[in-house]
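# Descriptive structure summary
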Amino acid sequence: MYDYIHIQTGQKLYYVGNSLGTLLALAAFSQEKLVNMTKSAALLGPIAYLGQLSSVFARTIVTTFLAEKAYWLGVSEFIPEGLVVGKILEGVCVLSLIDCNNVISALGGPNCCKMPSTIDVLFDHTFQSTSTKNIVHLSQMVRAGNIAEYDYGDENENMAHYGQPTPPMYYMTRIPKDIPLFLAYGGKDTLSDVNVVQLLLENLKDHVKDKLVVQYRDYYAHFDFIMAENANRVLYDPLLAFLMTP
Ligand SMILES: *[C@@H]1O[C@H](CO)[C@@H](O)[C@H](O)[C@H]1NC(C)=O
């Protein structure tokens, strides 16, 4: 996608990522080629480390090997509402003793400022499926406490894919010090936990000062970045100002 946009427009990219989209960007920035194609990047609810994930709901999916079970059952499309996964998810809700009537809060923390109309739009489209392999990959990283490529669980197969027996790792310390970065994180976010963002900020402590904009919203949970009714004012305005900085 990076290549395509870069080639079609002949320009560098302004990258705006949320949630999984931030992990992809942080991983991409260990590749010089992609860094060279990037003008600036804004990361909302950044996920840089998964080992300390505080979302009980997400943790339960990991510890019960839910995604792996779905994979073994031949379910390659991970749909929370889908039949098989839905049945197993019910178990997750019971095991983790959380109220799954509000899956959004259960997954990403208590939202501060939901807008009823946004919720309606969201549920017209949510939850979109993802590949079971994607969830298996995320589960692997939660267990291993690192950010790495997918582990095929077999040295020979990893070798065939990566030319090495273990999956290549990504290191946040390799993020170039002069790439303009906008990081917004929330105090109530259980998928991008405050402690984890502190680790990321620690990695960025030598970042060129005027190339790093950090926005903390103490009352924001993971889905407030895209759902809060005040997001346009408290988040997108400073985000646009950042993107327009020459
Ligand atoms: C990235 O840009 C730098 C500076 O212009 C250049 O030296 C380097 O070769 C580029 N790297 C890649 C992989 O294109």
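Above this text sits the structure in question.
These notes cover the structure that comes with them.

### Structural notes on a nonpolar patch on the surface
- On the surface, a nonpolar cluster with roughly 420 Å² of combined accessible area is contributed by M1, Y4 and I5.
- Along the chain, M1 turns up in the segment before α1 (2-9).

### Comments concerning the side chain of T190
- Tracing the backbone through its elements, the reader meets T190 in the loop between β5 (181-186) and α11 (194-203).
- In this structure the side chain of T190 is engaged in a polar contact, spanning 3.1 Å, whose partner is the backbone nitrogen of G109.

### Describing the sheet that holds strand β2 (residues 38-44)
- The four strands are arranged β1-β2-β5-β6 in an open sheet whose pairing can be described as parallel. Two strands lie at the open edges of the sheet, namely β1 (13-18) and β6 (212-217), each paired on one side alone. Neighbour-to-neighbour, the strand axes of the sheet open up by a mean angle of 10°, direction not taken into account.
- The sheet contact formed by β1 and β2 spans six bridges and is parallel. Bridged to Y15 within β2 is A41.

### Some words on the site of the ligand
- Around the ligand, the neighbouring residues are E32, K33 and N36.
- E32 is positioned with one of its side-chain polar atoms (N or O) 2.9 Å from a nitrogen atom of the ligand.
- Here N36 contributes a side-chain N or O atom positioned 2.3 Å from an oxygen atom of the ligand.
- Coverage of the ligand by the protein chains reaches 31% of its 360 Å² of free accessible surface.

### What about the packing of helix α4 (residues 56-63) against helix α9 (residues 132-144)?
- Orientation of α4 relative to α9, taken along the N-to-C sense of each, is 100°, at an axis distance of 9 Å. As judged from the angle between their axes, α4 and α9 are roughly perpendicular. Counted together, R59, I61 and V62 of α4 and I135, S139, V142 and R143 of α9 form the full contact between these two elements.
- In the contact of α4 with α9, the residues fall into four nonpolar, one polar and two charged.

### Side note on unusual backbone geometry
- At S19, a position not held by glycine, the phi torsion is positive, near 60°.
- Within the secondary structure layout, S19 lies in the loop between β1 and α2 (20-28).
- Overall, S19 belongs to the buried group, its relative accessible area being 18%.
- Of note in the backbone geometry, F65 takes a positive phi value of approximately 55° without being a glycine.
- As for its position among the elements, F65 is in the loop between α4 and α5 (66-72).

How each quantity is defined
- The residue count restarts for each chain, going from 1 along the sequence in the order it is written.
- This being a predicted model, a pLDDT of at least 70 is required before a residue's local features are given, and a value of 80 or more before pairs of side-chain atoms are given or counted; all residues contribute to the totals for chains, interfaces and linings.
- Only hydrogens and water are set aside when side-chain values are computed; all heavy atoms of the structure are taken into account.
- The patches reported here contain residues having more than 30% relative accessible area and no salt bridge. Joining distances are 9 Å for like charges and 5 Å for nonpolar side chains (Val, Leu, Ile, Met, Phe, Trp, Tyr).
- Surface accessibility follows the Shrake-Rupley procedure with a 1.4 Å probe radius. Residue values consider only the protein chains on display as shielding.
- Note on definitions: salt bridges are taken to be side-chain nitrogens of Lys or Arg within 4 Å of carboxyl oxygens of Asp or Glu.
- Secondary structure elements are taken from DSSP: a helix is a run of H or I of four residues or more, a strand is a run of E of two residues or more, and numbering for both begins at the N terminus.
- For this analysis, a polar contact is any N or O atom pair within 3.5 Å, provided that within protein one partner can donate a hydrogen and the other can accept it, and provided that sequence-adjacent residues contribute only side-chain to side-chain pairs.
- In this analysis, strands are considered paired if DSSP registers two or more bridges between them.
- Every axis corresponds to a line fitted to the C-alpha atoms, with the helix fit spanning only the stretch in contact, and the corresponding angles, defined between N-to-C directions, vary from 0 to 180 degrees.
- Put simply, a residue is near a molecule or strand once any heavy atom of it comes within 4 Å of that molecule or strand.
- Any angle from 65 to 115 degrees is called roughly perpendicular, while one under 35 is roughly parallel, one over 145 is roughly antiparallel, and all others are oblique.
- Any two residues whose heavy atoms approach within 4.5 Å at even a single point are treated as in contact.
- Three categories are distinguished: nonpolar for Ala, Val, Leu, Ile, Met, Phe, Trp, Tyr, Cys and Pro, charged for Asp, Glu, Lys and Arg, and polar for the others, with Gly belonging to the last.
- Exposure categories follow from relative accessible area, calculated using a 1.4 Å probe and restricted to protein chains: below 20% of the type maximum is buried, above 50% is exposed, and the middle band is partly exposed.

Such coordinate-based values are descriptive only and should not be taken to indicate function.
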